[in-house]
Amino acid sequence: MENTTMQLDRERIPKHIAIIMDGNGRWAQARHLPRVAGHQQGMQTVKKVTIAASQLGVKVLSLYAFSTENWKRPQTEVKFLMQLPGKFFSTFVPDLIANNVRVQVMGDLTQLPSATQQVVQKAMDDTKACDGMILNFALNYGGRDEIVRATQQIAKQVAAGELTADQIDETTLTNAMMTSELGEYADPELMIRTSGEQRISNFMLWQLAYSEFVFVNQHWPDFDGESLAQAILTFQSRHRRFGGL
Ligand SMILES: Cc1cc(N2CCCCCC2)n2ncc(-c3ccc(F)cc3)c2n1
């Protein structure tokens, strides 16, 4: 069994990794299972990959769990998906705390069922003393929605006389994004997308400006710690440029 983790340069582990967890429906379809079976299995992968990333020393792991576009899916599927945060935490909060992992959630949580909002808020409260890796779920999140909200927030500051238009710069927008509390780790160094699609799908549009993208063919339910190490090895094998030579 190949162990890629041993080959990693521990000094160059990406501080912030973002993952588009794609392929859950196709994984289920290939096994003649209902789509929700893929989501259920995908949640088990979230647990595995969270622990693996934490053990590798990743500072922030952002996971695209539900996009603003996902509301268009069949209502039965949306209902199932909205129950997953509760299922995740009912079995996994002790493991998160044991691994010193803190839960954060970004997105428009006001549109979620109140039960989902409550379980998410409780998980953030229960893990807020943890100062290890931040597990940052994107829930009812959209990159364009985030930029619109940031723009509205800044426009209100200008209207209130707290800021002039000339003072608006990249830092102003960075500080108005939902990732502002992540500080120096707000921008992912590495974005992974599973299931072969090579699209950004309205994920972290502002933050991914200089990120390395690694696309893997595995469906998310088949992704694991070894897959994560392979993606990090690919990241480490690339020359990192920030627009310079
Ligand atoms: C909607 C949804 C879907 C969801 N899937 C499982 C992973 C594959 C992607 C789609 C289905 N997972 N997995 C974990 C969560 C979650 C979200 C917030 C939170 F605070 C705790 C856990 C989740 N949420």
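Keep in mind that this is a model prediction, so the values were computed, not measured. In this numbering scheme, every chain counts its residues from 1 along its sequence in written order. Selection of residues for local features in this predicted model requires a pLDDT of at least 70, selection of side-chain atom pairs for listing and counting requires 80 or more, and totals for whole chains, interfaces and linings are taken over all residues. Side-chain metrics in this entry use all non-hydrogen atoms of the structure; hydrogen atoms and water are not considered.

Next up on the list: the confidence of the model for the protein chain. pLDDT runs from 0 to 100 and stands for how confident the predictor is about each residue. Counting all residues, the mean pLDDT for the protein chain is 96, and 96% of those residues have values of 70 or more. This prediction of the complex comes with two scores: 0.96 for pTM and 0.98 for ipTM.

Okay, the nonpolar core next. By nonpolar core is meant a set of buried Ala, Val, Leu, Ile, Met, Phe, Trp, Tyr and Cys residues that side-chain atoms within 4.5 Å join together. For each residue, the accessible area found with a 1.4 Å probe, counting protein chains only, is set against the maximum for its type, and the residue is called buried under 20%, exposed over 50%, and partly exposed in between. Of all hydrophobic cores here, the largest spans 48 residues; its most connected members are Ile-17, Ile-19, Leu-61, Phe-88 and Leu-228. The leading source of residues in this core is helix H3 (residues 75-98), at ten residues. We call two residues contacting when some pair of their heavy atoms lies within 4.5 Å. Leaving out residues up to four positions away in the same chain, Leu-61 has contacts with Ile-17, Ile-19, Val-49, Thr-50, Ala-53, Met-133, Ile-134, Leu-135 and Asn-136. Among the nonpolar cores identified, the runner-up in size contains ten residues, and Ile-20, Ala-138, Tyr-141 and Phe-203 belong to it. The helix and strand labels rest on DSSP assignments: H or I over at least four residues marks a helix, E over at least two residues marks a strand, and numbering proceeds from the N terminus.

The geometry of an aromatic ring pair is captured by the separation of the ring centres together with the interplanar angle, meaning the angle of the planes. Between 30 and 60 degrees the pair is tilted, below 30 it is stacked and above 60 it is edge-to-face, where a pair is any two Phe, Tyr or Trp rings, Trp via its six-membered ring, whose centres lie within 6.5 Å. If you walk through the whole model with that rule in mind, you get nine aromatic pairs. On the numbers, 5.3 Å between centres and 80 degrees between planes, the contact of Phe-88 with Phe-89 is edge-to-face. We classify Phe-88 as buried; its relative accessible area is 3%. Note on Phe-89: relative accessible area 8%, which makes it buried. Both rings, one in Phe-88 and one in Phe-137, keep their centres 5.5 Å apart while their planes meet at 80 degrees; by these two values the pair is edge-to-face. With Phe-88 in helix H3 and Phe-137 in strand E4 (residues 134-141), the pair connects residues that are 49 residues apart, well separated along the chain. The class for Phe-137 is buried, based on a relative accessible area of 10%. Ring pairs connect the aromatic residues Phe-88, Phe-89, Phe-92 and Phe-137, which therefore count as one cluster.

Our focus in this paragraph is the environment of Lys-128. Summarising the element assignment, Lys-128 is placed in the loop between helix H4 (114-126) and E4. Lys-128 sits in the exposed class, given a relative accessible area of 59%. Residues Lys-128 and Asn-217, spaced 89 residues apart in sequence, show a C-alpha to C-alpha distance of 35 Å.

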